[in-house]
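# Report on the structure
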Amino acid sequence: MSVITNIEDLRVLAQRRVPRMFYDYADSGSWTESTYRANETDFAKIKLRQRVAVNMEGRSTATTMIGQPVAMPVAIAPTGLTGMQHADGEILAARAAEAFGIPFTLSTMSICSIEDVAAHTKAPFWFQLYVMKDRDFIERLIDRAKAAKCSALMLTLDLQILGQRHKDLKNGLSAPPKPTLANLLNLMTKPRWGLGMLGTSRRGFGNIVGHVKGVENMGSLSEWTAKQFDPSLSWADVEWIKKRWDGKLILKGIMDAEDARLAADSGADALIVSNHGGRQLDGAPSSIQALPAIADAVGSKIEVWMDGGIRSGQDVLKARALGARGTLIGRAFLYGLGAMGEAGVAKALEIIHRELDLTMAFCGHTKIDTVDRGILLPGTAP
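Phe104, Phe127, Leu129, Leu155, Leu271, Leu291 and Met306 are the most contacted members of the largest nonpolar core, which has 107 residues in total. In terms of residues, this core owes the most to one element, helix H15 (residues 331-362), which gives 13 residues. Setting aside residues no more than four positions away along its own chain, Leu129 makes contact with Thr108, Ile138, Leu141, Ile142, Leu153, Met154, Leu155, Thr156 and Ile241. In terms of nonpolar packing, the next biggest core, distinct from the first, is built from 13 residues, Met65, Ala77, Ala152 and Leu328 among them.

In C-alpha cells:
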C-alpha cells in the first residue's frame, strides 16, 4: 500500500501481516458483536457544525489528562497480547507514544513486562491492573509499577468474569500459538511476523510468568489465569488498591451514571466510559452513547474520559464535545502496530492528530480546550 491516509488503510495492512488468531483477537467482540460494531458506527450518526470566516491561525490540540500535558486528548489504551501483533509490540507502541507526546498504558496481560517497557522508554507510562484472587501477586504487581515509575494506575473494573468471544474459541487463541495444522498453515503466510518473533525472546505474558509461584510456562499460566479473575471485586477493593498505590488512579469500565457517581466518590482521579471494546457485555450501549449522561452525572468531581470505537480525529473531537476530557485508542494503534511496527503506531497517531486539528478548525475552534457541545449539529448527538 503506497499511500496510507486513514486508520482503515492500516487495518487492511495489519490483517494481511498478522496471524489470524491475533488479528481476530484484536478485531472482534463478544457474542453477536453488536456492541463492538455500535462503538464505531454510533460516531457516524453525530454531525458537526461547519463554521466559516473564522481565524484558523495558531491552532493547538494540546491539553492535559490528570494534570499531565498531552499533545492531544488521546492516550494509548491497555490491550492484552500487544506483543503478539508485532514482536516487542508494547515497547514499540510505548516509544511511538512517547515521541508523539501522549501517554501509553501497559496491560497486565502484556507480552513485554513492566520492566521491559521501562528499560526502553524515558517518559513515565501508565499501568493497567486486573484484580486477581491472588492478592499477594497484585500487591507485588503494584509495587513493580511503582518501581518502574509509572505515573498512573488504571484499574479495570469490567472484567471480573470473561466475556465469550467466538473467534478466540474457534482459533484456539494462545500465546505463543499452539502448533496445530491450521495455525501452522496460517503462520506460513505471515513471514514478516514470523521473522520478528524469531528475533525476540518475549513471547509469553511477561508480567506473570516467573512472577507467580508455580507459573513458569504457558501451560501453567493458562490454568492459573482461568481461576484468577475475581468475580467478588467490589468498591472496597478499589479503596484498598488506592491506598496501596498512593498515586494517580484511573477507573476503567464505567457505563452507568450510578457507577460513575460511585467512582467519583472513591477519590479516583479519572474514570473511563468504556464497554471493553464490546468484548464483554454484548447488547450494552456504545461508549459514545453512554458518555453524555455520565459526564452530566459527575460534573467536575472527576475527569471523564472515553474509550471505544475511536478510529479518527473526528471521533476524538465528538467525544470531547460530549464531555470527555480525554480519549483512549486501542484498535486504532494496534492496526498500525500490526501493519508496520513502531512506524505504524506513529502513523496512526499522526493520522488522528491531523484529522482532529483540521476538523476542529472547520468547526470554528483553534484550541481543543474551548470545544464544547456547540460544535455538534442539534438533534444528531445522544
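There is more to say after this.
With that settled, the discussion passes to the state of the cysteines. Counted by the stated rule, this structure contains zero disulfides. Left unpaired, Cys150 is separated from the closest cysteine sulfur, that of Cys112, by 14 Å.

Time to look at the pairing of strand S5 (residues 126-129). Burial along S5 is two-sided: Trp126 and Gln128 facing one way and Phe127 and Leu129 facing the other are all buried. Sheet analysis places strand S4 (residues 105-106) next to S5, joined by two bridges and oriented parallel. Opposite Leu106, over in S5, you have Phe127 as the bridge partner. Note that the unit made of S4, helix H5 (residues 114-119) and S5 has a crossover that is right-handed. With four bridges joining them, S5 and strand S6 (residues 152-156) adopt parallel strand pairing. Pairing of Phe127 across the sheet is with Leu153, part of S6. Handedness of the crossover joining S5 and S6 through helix H6 (residues 135-147): right-handed.

Thresholds applied
- Residues numbered from 1 in each chain as written.
- Predicted model: local features only at pLDDT ≥ 70, side-chain atom pairs only at ≥ 80, totals over all residues.
- Heavy atoms only, no water.
- Core = buried A, V, L, I, M, F, W, Y, C linked by side-chain atoms within 4.5 Å.
- Buried < 20%, exposed > 50% of the residue type's maximum accessible area, 1.4 Å probe, protein only.
- Helix = DSSP H or I, 4+ residues; strand = E, 2+ residues; numbered from the N terminus.
- Contact = heavy atoms within 4.5 Å.
- Disulfide = S-S within 2.5 Å.
- Pairing = 2+ DSSP bridges.
- Right-handed = clockwise from strand over helix to strand, strands pointing away.

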